[in-house]
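# Report on the structure
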Amino acid sequence: HFEVAKLLNNLGSTLLALGEAPEARDCLERSLSMMERERGRQHLEVASVLTNLAEALGALGGHGRARELLEEALSVKEQALGSEHPRTAATAAALGVALTAGGGAGAEDMGRAETLLRQAMRVQERCLGPDNLEVARTLANFANVLGFQGRLAEK
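Quick summary incoming for the structure in this document. Note on numbering: residues in each chain are counted from 1, in written sequence order. Local features are withheld for residues below a pLDDT of 70 in this predicted model, meaning they are given only at 70 or higher, and side-chain atom pairs are given and counted only at 80 or more; totals for whole chains, interfaces and linings count all residues. In computing side-chain values, all of the structure's heavy atoms are included and hydrogens and water are not.

A count of helices and strands for the protein gives 7 helices and 0 strands. Runs of H or I in DSSP of at least four residues are treated as helices and runs of E of at least two as strands, each being numbered from the N terminus. In sequence order, the secondary structure elements of the protein are arranged as α-α-α-α-α-α-α. For this measure, only C-alpha atoms enter the radius of gyration; the expected value for a globule follows 2.2 Å times N^0.38, where N is the number of residues. Expected size for 155 residues packed as a compact globule is a radius of gyration near 15 Å; at 15 Å, the protein falls within 12% of this value. Judged by the C-alpha coordinates and their principal axes, the protein covers about 50 × 30 × 25 Å.

Right, let's get into the environment of G82. Topologically, G82 is positioned in the loop between α4 (63-81) and α5 (86-100). Each residue gets one of three labels from its accessible area relative to the maximum for its type: buried under 20%, exposed over 50%, partly exposed in between, using a 1.4 Å probe on protein chains only. Judged by relative accessible area, G82 falls into the partly exposed class, the value being 22%. G82 has contacts with K77 and T88, leaving out every residue within four places of it along the chain. Whether two residues touch is decided by their heavy atoms; if any such pair falls within 4.5 Å, the residues are in contact.

Whether two aromatic rings pair depends on their centres lying within 6.5 Å, for rings of Phe, Tyr and Trp, where Trp uses its six-membered ring; planes under 30 degrees apart make the pair stacked, over 60 edge-to-face, and the rest tilted. Enumeration according to the criterion identifies 0 aromatic pairs in this entry. Our definition puts a charge over a ring when NZ of Lys or CZ of Arg is within 6 Å of the ring centre and also within 35 degrees of the ring normal. Its guanidinium or amino end placed over the ring of F2, R39 lies 3.7 Å from that ring's centre, counting from NZ or CZ.

Checked against the element boundaries, F142 lands in helix α7 (residues 133-148). Between the C-alpha atoms of F142 and V97, which are 45 residues apart in sequence, the distance is 8.4 Å.

Rolled over the atoms, a probe as big as a water molecule pinpoints where empty space is left. Size it by volume and the largest pocket reaches roughly 420 Å³. Listed by contribution, the elements that provide at least two residues to the lining of the largest pocket are α1 (2-17), α3 (44-59), α4 and α5. Counting residues per element, the lining of the largest pocket draws most heavily on α5, which supplies 7 residues. Put simply, the second largest pocket is a space of about 240 Å³. Note on definitions: the grid is 1 Å and covers protein atoms alone; a cavity is a set of points where a 1.4 Å probe fits but cannot get out; a pocket is an open set with protein on both sides within 12 Å along at least five of seven lines; lining residues have an atom within 4 Å of a point. Taken together, A90, A93, A94, V97, E134, R137, T138 and N141 make up the lining of the second largest pocket. Among the secondary structure elements, those contributing two or more residues to the lining of the second largest pocket are α5 and α7. Each residue belonging to the lining of the second largest pocket can be placed in one class, and the counts come to 4 nonpolar, 2 polar and 2 charged. Grid points are joined across faces, edges and corners, and a volume is the space filled by probe spheres set on the points. In this classification, Asp, Glu, Lys and Arg are treated as charged, Ala, Val, Leu, Ile, Met, Phe, Trp, Tyr, Cys and Pro as nonpolar, and every other residue, Gly included, as polar.

Two numbers describe a pair of packed helices, the interaxial angle and the distance between the axes. Every angle, taken between N-to-C directions, lies between 0 and 180 degrees, and every axis is a line fitted to C-alpha atoms, over only the stretch in contact when it is a helix. Interaxial distance between α3 and α4 falls to 8 Å at its minimum, and their mutual angle equals 155°. Regarding the angle of α3 to α4, the classification is roughly antiparallel. Read as a crossing pair, α3 and α4 show a hand that is left-handed. On α4, the residues touching L44, A47, S48, L50, T51, L53, A54, L57 and G58 of α3 are H63, R65, A66, L69, L70, E72, A73, V76, K77, A80 and L81. Tallied by class, residues from the contact of α3 with α4 come to 13 nonpolar, 4 polar and 3 charged. Angles below 35 degrees are treated as roughly parallel, those above 145 as roughly antiparallel, those between 65 and 115 as roughly perpendicular, and all remaining angles as oblique. Working rule for handedness: look at the near helix, and if it is turned counterclockwise from the far one by less than a right angle, call the crossing left-handed; if clockwise, right-handed.

Before going further, it helps to examine the pattern of salt bridges. Throughout this description, the term salt bridge denotes a Lys or Arg side-chain nitrogen within 4 Å of a carboxyl oxygen of Asp or Glu. The final tally for this structure, using the stated rule, is 10 salt bridges. In this structure, the salt-bridge partner of E68 is R65, at a minimum N-O distance of 3.0 Å. On the criterion of helical spacing, the pair formed by E68 and R65 is a turn pair, its members being 3 residues apart in helix α4. Linking E134 and R137 is a salt bridge whose minimum nitrogen-to-oxygen distance equals 3.2 Å. Taken together, the positions of E134 and R137, both in helix α7 and 3 residues apart, correspond to about one turn of that helix. Through salt bridges that share partners, E36, R41 and E72 make up one connected network.

Listed below in structure tokens is the structure:
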């Protein structure tokens, strides 16, 4: 069943890339349920599903639940891979974006988003190189957070 769960995670990720968030959510929820039964909630593969499911839920307007799942995924990845790993950094960046999604982000969320994106950018630049596309995405998201805070001169 674990291999089926991994395939469902991959299918969900592909559906997300194709803009099919409802179908992706359904696949990812099935994957998560199967993986949890097989490996438990603290498994690295489960963290991958949590991250993808959070993206699907965010696309569907479920920003609060998306943030919760990303918090959990980040915790698992920090424990399994450490805070200086590019996969951990990618999840930190996703959480930084999620904290500002849906409007109404307060100063505390904006500050945390800025910290997460700054840290993710540092790790990604070191591990992936400054010209990497993932680094550029994180930089753009970081600039957006500064813009939301009225700090455009820092971009």
